[in-house]
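These are the residues of each chain, in order.
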Amino acid sequence: MGGKKESVQQLDDTYSASQDALSLLAENAELSDQDGRGVAFRRAAAVMKSLPEPVTSMTQLRGLPCLGEHSLRVIRDVLENGASREVESMKQSKQYKALKVLTGVFGVGAKTAARWIREGIHTLHQLRNSGHTLNRAQQAGLEHYDDLNQQVSKAEAEAIQQIVEEVVASVLPGAKVTLTGGFRRGKLMGHDVDFLITHPEEGKEVGLMSKVVSWLESQGFLLYQKTTRNSYLVSDDSPALPPSNMDRFERCLSIFKLAQDQPHRAKQLGALPLDTAEHRRGDSGLQTDQDSCSQRIQTPGGQEDTKPWRAVRVDLVVSPISQFAFAVLGWTGSKLFERELRRWAGQEKAMSLSSHALYDNKKRKYLQASSEEEIFAHLDLEFIPPSERNA
Ligand code: GTP
Ligand code: MN
Ligand code: MN
């Protein structure tokens, strides 16, 4: 015991253990509808993550920002005992377990989950038998619970990207699809796949979303979708107000039905010139393949124990080209990074940053940008590449 390698390993574990503990407290706060506390713990976890070396003593933490009394207590506990008692007992609590299960249903937020728990609903089984009327999103969430709680891989994201690119190209030639969210930050896993769609000619993007969604629906790619129309008007959006977290782009929250061998097949598909007419007839390579998939499991006596597809959450957002740079920046995340960037803009530069625009409150005008680089320049910041926005 106590060899150099082992003790370094142990330190690394402690190091990430305090991060994990703080992240769990953040999660619990968010699940309990206490966003303020959630942000505080997220910040503390991000500070721990940013440290150049493992922490061995509390004195190393002196003078660091964002570490409140509570966070410091948790870190001390981890340093001294290997784990935080508070976090361990929270993880075991009925309340936390129930919150986790219920908010794991797509379409169920912290408030709804808390209400159900007060009624004594702690499990999916109890929810199903409760007689509650679930909305369409929640019904889909319950139906595809296991799939949606399984992480999405990079390969699956790429397979979906290929489908989305193909659809977009066929309904509006020249339109551009950009992978955003965690995958743009280089993450290998995600809880969903996020796309931003635009067209180099302003105005051409109008009406695009409904066409894309109809096409996807007609091809059986969607298990669920809810499209929200664009509601952004520069004139009605008072720039003096802090930009809200929610943007107003036309967006589609969806659940894709992804064929299980999609990552592999998508590669082959990439080599094929698929034309639009073929899609309209519904006999494209995609469709044929899907059919052969579903036939394969309908063999006599065969139980449908391994279904040939899986449900994946996908967000589609359409932006006019004039707002595209802001939209990419806003939809690349992470959420904490976005929050810090907006705070910097507001507090240090007297500017309001949103996923639509950047407004200079002193000059009283919007600042144009056609790339993320230009936005960072307006903010007097060095460009931070997506892979460094994971905080
Ligand atoms: P995972 O999906 O969990 O892997 O991480 P992610 O970073 O991709 O998270 P998510 O898909 O939830 O969000 C991606 C980015 O889109 C984040 O920066 C969010 O802040 C942003 N985002 C999500 N919903 C909205 C929204 O309604 N409005 C705006 N402006 N941004 C949003
Ligand atoms: Mn995402
Ligand atoms: Mn998303």
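Since the model is a prediction, treat every value here as computed from it, not as a measurement.

### Details of the coordination of the manganese ion (ligand 3)
When four donors bind a metal tetrahedrally, each ideal donor-metal-donor angle is 109.5 degrees, and when six bind octahedrally, the ideal angles are 90 or 180 degrees. Taken together, Asp192 (OD), Asp194 (OD) and Asp315 (OD) make up the full set of protein donors to the manganese ion (ligand 3), lying 2.1 to 2.2 Å away. Ordering the donors of the manganese ion (ligand 3) by residue number gives the pattern D-x1-D-x120-D.

### As for the coordination of the manganese ion (ligand 2)
The manganese ion (ligand 2) binds to the protein through Asp192 (OD) and Asp194 (OD), with metal-donor distances spanning 2.0 to 2.1 Å. In this structure the manganese ion (ligand 3) is found 3.6 Å away from the manganese ion (ligand 2), and Asp192 serves as a bridging donor for the pair. Summarising the burial analysis for this pair, Asp192 and Asp194 share the class buried.

### Section: helix H16 (residues 324-332)
Owing to its 3.6 residues per turn, the α-helix aligns residues three or four sequence positions apart on the same side. Most of H16 sits out of view: nine of its nine residues are buried. Of the positions making up H16, those classed as buried are Phe324, Ala325, Phe326, Ala327, Val328, Leu329, Gly330, Trp331 and Thr332. Two residues or fewer after H16 comes Gly333, characterised by a positive phi angle close to 70°.

### So, the confidence of the model for the chain
Per-residue pLDDT for the chain has a mean of 86; in total, 81% of the residues score no lower than 70. Overall, residues 1-6 carries pLDDT values under 50, and its contacts beyond four positions in sequence, including any with other chains, amount to one contact. Note on residues 239-243: pLDDT is under 50 here. Beyond four places in sequence and across chains, it has nine contacts.

### Some words on the packing of helix H10 (residues 154-171) against helix H12 (residues 208-218)
Between H10 and H12, the least distance of the axes is 10 Å, while the angle of their chain directions is 120°. If you check the angle between H10 and H12, you find them oblique. Read as a crossing pair, H10 and H12 show a hand that is right-handed. The residues of H12 that touch H10, namely those facing Ile163, Val167, Val168, Ser170 and Val171, are Leu208, Lys211, Val212, Trp215 and Leu216. The class makeup of the residues in the contact of H10 with H12 is eight nonpolar, one polar and one charged.

Procedures and definitions
- Residues numbered from 1 in each chain as written.
- Chains lettered and ligands numbered in written order.
- Predicted model: local features only at pLDDT ≥ 70, side-chain atom pairs only at ≥ 80, totals over all residues.
- Heavy atoms only, no water.
- Donors = N, O, S within 2.8 Å, 3.2 Å for Na, K, Ca; no water.
- Buried < 20%, exposed > 50% of the residue type's maximum accessible area, 1.4 Å probe, protein only.
- Helix = DSSP H or I, 4+ residues; strand = E, 2+ residues; numbered from the N terminus.
- pLDDT = per-residue confidence, 0-100.
- Contact = heavy atoms within 4.5 Å.
- Axes fitted to C-alpha atoms, helices over the stretch in contact; angles between N-to-C directions.
- Parallel < 35°, antiparallel > 145°, perpendicular 65-115°, else oblique.
- Left-handed = near helix turned anticlockwise from the far one by under 90°.
- Nonpolar A, V, L, I, M, F, W, Y, C, P; charged D, E, K, R; others polar.

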